[in-house]
Amino acid sequence: MARLRSDFWVSAYLRRCAVEGLDAALRKRGSAEAGAIFVKVDHLDGTASLYGPAPQLFLDDSGERLFAPILQGVMPLDVEERMTRELRFDPDLWLVEVDDRQGRHFLDLAPGD
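The notes below deal with the structure included here.

About the cut-offs
- Residues numbered from 1 in each chain as written.
- Predicted model: local features only at pLDDT ≥ 70, side-chain atom pairs only at ≥ 80, totals over all residues.
- Heavy atoms only, no water.
- Buried < 20%, exposed > 50% of the residue type's maximum accessible area, 1.4 Å probe, protein only.
- Helix = DSSP H or I, 4+ residues; strand = E, 2+ residues; numbered from the N terminus.
- Expected span 1.5 Å × (residues − 1).
- Arc of directions from axis to C-beta.
- Salt bridge = Lys/Arg side-chain N within 4 Å of Asp/Glu carboxyl O.
- Pairing = 2+ DSSP bridges.
- Contact = heavy atoms within 4.5 Å.

**Examining unusual backbone geometry**
Here L44, not a glycine, exhibits a phi torsion of approximately 60 degrees, which is positive. Since its relative accessible area comes to 39%, L44 is described here as partly exposed. Positive phi is not limited to glycine here, since F106 has a value of about 60 degrees. Here F106 shows up in the segment after β5 (94-99).

Take a look at the structure:
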């Protein structure tokens, strides 16, 4: 099964966050067809977490995007520095930021994460 385009996935994700009452914003628009998607969750307590694409070994034929935690409960500046490095490697990535004190993100995580 073909994977949903990145622009459609991000649009649906932002809508899902809004329906659930979370503030979410697109911080960086990437390649519409296949840009990697990263989600920063600001816990609104001085910490943040970062989720990114799961390693390829977790992908299956369902076409679902799976995510893996990259940084958990770190200073927001640590997330920004990591994203600066990611952008140097892949300028076509997407970055979505979610604000939630409970750390909710509604992402499908790879097994074990």
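**What about helix α1 (residues 6-19)?**
A rise of 1.5 Å per residue sets the reference length of α1, with its 14 residues, at 20 Å; its end C-alpha atoms lie 20 Å apart and thus fit the reference within 8%. Among all positions in α1, only S6, D7, W9, V10, Y13 and C17 are buried. Each buried residue of α1 sits inside an arc of 160 degrees when the element is viewed along its axis, so together they form one side. In α1, the exposed positions angled more than 90 degrees off the buried face are occupied by R15, A18 and V19.

**Concerning the pattern of salt bridges**
Summed over all chains, the structure comprises nine salt bridges. Residues E97 and R27 are paired through a salt bridge, measuring 2.8 Å at the closest nitrogen-oxygen approach. Of this pair, E97 sits in strand β5 while R27 sits in strand β1 (residues 23-28), and the two are 70 residues apart along the sequence. Here the salt bridges share partners, and the residues they tie into one network are R27, K40, E80 and E97.

**Here we look at the pairing of β5**
For β5, the tally of buried residues reaches five of six residues, placing the bulk of the element in the interior. Across five bridges, the pairing between β1 and β5 is antiparallel. In the sheet register, D23 faces β5, and the bridge partner there is D99.

**Focus on the environment of L14**
By secondary structure assignment, the location of L14 is in helix α1. Taking C-alpha positions, L14 is 7.1 Å from A25, a pair spaced eleven residues apart along the chain. Residues within four places of L14 in sequence aside, it is in contact with A24, A25, L26 and V96.

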